[in-house]
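Chain by chain, the residues run as shown.
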Amino acid sequence: MIRDKNKINDLAQDISNKADEYINKLDNEDMKNDLKRMISYYTIFKNAPVLILIYGSGYENDAYNMQKYLGEDEEKLQKLLFPTAPIQNVSAAMENLLLATSNMGYGTCWMTGPIFAVDVIENHIDFKKEGYELIAMTPLGVPIGDKIIQPMRKPLEEVVTYL
Ligand SMILES: Cc1cc2nc3c(=O)[nH]c(=O)nc-3n(C[C@H](O)[C@H](O)[C@H](O)COP(=O)(O)O)c2cc1C
């Protein structure tokens, strides 16, 4: 958790600089424009008083190990790697954090965008923990206004399949 507003602001600037570096390197206009369009979303935490970085660690996938041992084909094995438990653990904790803090009147934003510059982030915060990787982050603060701009929700039929 970073609780130094200047440090948070500097981190956002470093991430923005890294994006500029990539933009200058890229000769693909679509990729360039995507990054230019997204960078404000990747640094949206810049004015927050607190920034929480969520790390998670991987662990052995027993089903994968067993079926690999039995010589199952690669396509089948890849399916077992897709729903990674460590990501799901962290996501549940993240969701609880966002709900609990929101209930206390704070504003947050689930973020993974800045992770494109994970090296920059870890250099900046001088934090590395063996076996753990940065999975998500969220600013935390009191929202400036009480107006919540929420994107349209997809209709239920589009996201639920009834069998
Ligand atoms: C996994 C994940 C990563 C996200 N990364 C970012 C991000 O880097 N920057 C950003 O502005 N919003 C990001 N968002 C979107 C906001 O968190 C979003 O506004 C929030 O999830 C509210 O949900 P809604 O858009 O469904 O209302 C992300 C959302 C999720 C679920």
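Quick caveat, the model's predicted, so the values are computed rather than measured.

Asks: What's the story with the overall build of the chain in this structure? I'm lost.
Replies: In terms of helices and strands, the chain carries seven helices and three strands. Along its sequence from the N terminus, the chain presents helices and strands in the succession α-α-β-α-α-α-β-α-β-α. Relative to a compact globule of 163 residues, whose C-alpha radius of gyration would be 15 Å, the chain shows 19 Å and is clearly more extended. If one aligns the C-alpha atoms of the chain with their principal axes, the spans along those axes are about 55 × 40 × 35 Å. A separation threshold of at least 6 residues defines the contact pool for the chain, and within that pool the share at least 24 residues apart is 77%. Here the chain carries 17 positive and 24 negative side-chain charges, and the mean point of each set is 5 Å from the other.

Asks: Explanation requested: the site of the ligand in the structure shown.
Replies: Surveying the vicinity of the ligand reveals the residues Tyr41, Ile44, Cys109, Trp110, Met111, Thr112, Gly113, Pro114, Gln150, Pro151 and Arg153. One of the backbone nitrogen or oxygen atoms of Thr112 is found 3.1 Å away from a nitrogen atom of the ligand. Between the ligand and Arg153 there is a distance of 2.7 Å, counted from an oxygen atom to a side-chain nitrogen or oxygen. Burial of the ligand by the surrounding chains reaches 55%, relative to a free accessible area of 600 Å².

Asks: Please explain the packing of aromatic side chains as it appears in this structure.
Replies: Two numbers describe a pair of aromatic rings. These are the distance of the centres and the angle of the planes. Taken as a whole, this structure holds three aromatic pairs when the rule is applied. Measuring from centroid to centroid gives 6.0 Å for Tyr22 and Phe116, while their planes differ by 55 degrees, and the two rings are tilted. With a gap of 94 residues between them, Tyr22 in helix H1 (residues 5–25) and Phe116 in the loop between strand E2 (107–108) and helix H6 (118–125) connect regions that are remote in the sequence. Looking at Tyr22, the relative accessible area reads 32%, which means it is partly exposed. Ring centres of Tyr55 and Phe127 lie 4.9 Å apart, and the angle between their planes is 75 degrees; on these two criteria the pair is classed as edge-to-face. Of this pair, Tyr55 sits in strand E1 (residues 50–57) while Phe127 is found in the loop between H6 and strand E3 (132–141), placing the two residues 72 residues apart along the sequence. Note on Phe127: relative accessible area 34%, which makes it partly exposed. Linked through ring pairs, Tyr22, Tyr42 and Phe116 together constitute an aromatic cluster. The ring centre of Tyr22 lies 5.3 Å from the NZ or CZ of Lys18, which sits over that ring. Residue placement shows Lys129 over the ring face of Tyr132; its charged tip is 4.6 Å from the ring centre.

Asks: Please clarify how the side chain of Thr43 should be interpreted in this entry.
Replies: Note that Thr43 resides in the loop between helix H2 (29–42) and E1. Note on Thr43: relative accessible area 7%, which makes it buried. Among residues more than four places away in sequence, those in contact with Thr43 are Ala12, Ile15, Ser16 and Met111.

Asks: In this structure, what is going on with the pattern of salt bridges? I would like to understand it.
Replies: Where side chains of opposite charge bring their charged atoms close, a pairing between them can arise. In the structure shown here, the tally under the stated rule is four salt bridges. The shortest N-O distance in the salt bridge between Lys18 and Glu21 comes to 3.1 Å. Separated by three residues within a single helix, Lys18 and Glu21 lie in helix H1, roughly one turn from each other. For Lys76, the salt bridge goes to Glu72, with nearest N and O atoms at 3.4 Å.

Asks: Looking at this structure, how should I read the UniProt feature "domain: Nitroreductase" (unreviewed entry) in the chain?
Replies: Mapped onto this numbering, the UniProt entry annotates "domain: Nitroreductase" (unreviewed entry) at residues 3–141. As annotated, residues 3–141 has a helix share of 56% and a strand share of 14%, and its two end C-alpha atoms lie 11 Å apart.

Thresholds, definitions, all that
- Residues numbered from 1 in each chain as written.
- Predicted model: local features only at pLDDT ≥ 70, side-chain atom pairs only at ≥ 80, totals over all residues.
- Heavy atoms only, no water.
- Helix = DSSP H or I, 4+ residues; strand = E, 2+ residues; numbered from the N terminus.
- Rg over C-alpha atoms; globule rule 2.2 N^0.38 Å.
- Contact = heavy atoms within 4.5 Å.
- Lys, Arg positive; Asp, Glu negative; His and termini not counted.
- Charge placed at Lys NZ, Arg CZ, Asp CG, Glu CD.
- Near = heavy atom within 4 Å.
- Polar contact = N/O pair within 3.5 Å; in protein donor to acceptor, adjacent residues only side chain to side chain.
- Areas by Shrake-Rupley, 256 points an atom, 1.4 Å probe, with all protein chains shown as cover.
- Phe/Tyr/Trp six-rings, centres within 6.5 Å; stacked < 30°, edge-to-face > 60°.
- Buried < 20%, exposed > 50% of the residue type's maximum accessible area, 1.4 Å probe, protein only.
- Lys NZ or Arg CZ within 6 Å of the ring centre and 35° of its normal.
- Salt bridge = Lys/Arg side-chain N within 4 Å of Asp/Glu carboxyl O.
- UniProt positions renumbered as here; feature names shortened; annotations may be inferred.

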